[in-house]
Amino acid sequence: MGKILAVVNQKGGVGKTTTAVNLTATLKDLGKKVLLCDFDPQANGTSGLGVDKRRLKNSVYDVIINEIPAADAVVSTPYGDVLPSSADLAGAAVELLTVSEPNFRLKNALDSIKNNYDVIFIDCPPSLELLTVNALAAADGILVPVQCEYFALEGLADLMTTLRLIKKKINPALEIFGVALTMFDGRTNFSTQVAQEVRRHFPGKVFANVIPRNVRLAEAPSHGLPVTVYDKHSRGAAAYKAMAEEVVKKLKY
């Protein structure tokens, strides 16, 4: 049975979608069956894997609101499968308040296709509202990208509080799968200090490989490509390949 990992951090700009997209692609390169569920209304994960969000027949919105089977909305790409997002998802948090089991719509949808994959990544929106609650209810674990900058730990306390509430009320099995240090600048002592502080807060949970600041990583999404395809020799590509190998070891299959 596949593992569902929610890539979550309520702070924007921390490399969440970049991490979800590139781990999807690198795990596929390692021979794993991978799905990226884009659960962010901005749909950057969808376009980041080369899917045109303006030409979708169905999206994850149709799956959770109109109860379209998840399998009917999945789009296959050379870099992994995608359950795409669209702008319609922006209003879904309000619409979910009117349906039965509003916290479990995504879980019920993904459970129907979970066995088709080794791992499913959920790219969460940068907030802790009902869409993110749905993602945490569906997930087996969370993967938290943390930016190696001044406010890195600010807000993580809120995320941990939400995690404890979800475990208590909705998903008792939810755990921290891993913490990914992103935008690391090895030229500064500050990045190293932030990395040390994060490792102190999350002992045994932080990936050994860090994701550097890298121009190619920033450019790749505008081409609809993961960085491993856009520039396979870049530092960003090497970092995500190494992190993907760590993910495989943690998955234990």
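Cut-off values and rules
- Residues numbered from 1 in each chain as written.
- Predicted model: local features only at pLDDT ≥ 70, side-chain atom pairs only at ≥ 80, totals over all residues.
- Heavy atoms only, no water.
- Patch = residues over 30% accessible without salt bridge, like charges linked within 9 Å, V, L, I, M, F, W, Y side chains within 5 Å.
- Areas by Shrake-Rupley, 256 points an atom, 1.4 Å probe, with all protein chains shown as cover.
- Salt bridge = Lys/Arg side-chain N within 4 Å of Asp/Glu carboxyl O.
- Buried < 20%, exposed > 50% of the residue type's maximum accessible area, 1.4 Å probe, protein only.
- Helix = DSSP H or I, 4+ residues; strand = E, 2+ residues; numbered from the N terminus.
- Expected span 1.5 Å × (residues − 1).
- Arc of directions from axis to C-beta.
- Contact = heavy atoms within 4.5 Å.
- Pairing = 2+ DSSP bridges.
- Axes fitted to C-alpha atoms, helices over the stretch in contact; angles between N-to-C directions.
- Polar contact = N/O pair within 3.5 Å; in protein donor to acceptor, adjacent residues only side chain to side chain.
- Core = buried A, V, L, I, M, F, W, Y, C linked by side-chain atoms within 4.5 Å.

Undergrad: With reference to specific residues and values, describe a nonpolar patch on the surface.
TA: Together, Tyr150, Phe151 and Phe190 make up a nonpolar patch on the protein surface, roughly 360 Å² of accessible area in all. For Phe151, a relative accessible area of 45% translates into the label partly exposed.

Undergrad: Run through unusual backbone geometry, naming residues and quoting values.
TA: With a phi close to 45°, Glu101 is a non-glycine residue in the positive phi region. Within the element layout of this structure, Glu101 appears in the loop between helix H5 (92–95) and helix H6 (105–111). Of note, Met183 is a non-glycine position whose phi angle comes to about 55°, a positive value. Within the fold, Met183 resides in the loop between strand S7 (175–182) and helix H9 (189–201).

Undergrad: I'd like to hear about H9, residue by residue, with values.
TA: Compared with the 18 Å implied by 1.5 Å per residue over 13 residues, the 19 Å span of H9 between its first and last C-alpha is a close match. Every buried residue of H9 is listed here: Ser191, Val194, Ala195 and Val198. Down the axis of H9, the buried side of the element spans an arc of 100°, and every buried residue falls inside it. The exposed set on the far side of H9, more than 90 degrees from its buried face, consists of Asn189, Gln196 and Arg200. Those residues of H9 that are buried are in contact with strand S6 (141–147) and S7.

Undergrad: How would you sum up the sheet that holds strand S5 (residues 119–123)? Please name residues and give values.
TA: The pairing of strands in a sheet happens through backbone hydrogen bonds and is either parallel or antiparallel. Read across the sheet, seven strands follow the order S3-S4-S2-S5-S1-S6-S7 without closing on themselves; strand pairing throughout is mixed. Each edge of the open sheet is held by one strand with a lone partner, namely strand S3 (75–77) and S7. Adjacent strand axes in the sheet meet at a mean angle of 25° when their direction is disregarded. Relative to strand S4 (residues 80–83), strand S2 (residues 34–38) runs parallel, the two being bridged by three bridges. Each residue of the ladder has a partner; that of Leu35, found in S4, is Asp81. Lying on the sheet, helix H7 (residues 130–138) is in contact with strand S1 (3–7), S5 and S6; it crosses S1 at an angle near 150°.

Undergrad: Describe H7, naming the residues involved and giving the relevant values.
TA: Extensive coverage of H7 is indicated by the burial of nine of its nine residues. Sitting at the head of H7, Glu129 places a side-chain oxygen 3.0 Å from the backbone nitrogen of Leu131.

Undergrad: Explain the nonpolar core to me, and be specific about the residues and the numbers.
TA: Counting residues in hydrophobic clusters, the biggest one holds 54 residues, and the most contacted among them are Phe39, Ile64, Leu83, Leu106, Leu110, Ile122 and Ile142. Apart from the residues lying within four places of it in its own chain, the contact partners of Leu110 are Ile4, Leu83, Ile120, Ile122 and Ala138.

Keep in mind these values describe shape, not function.
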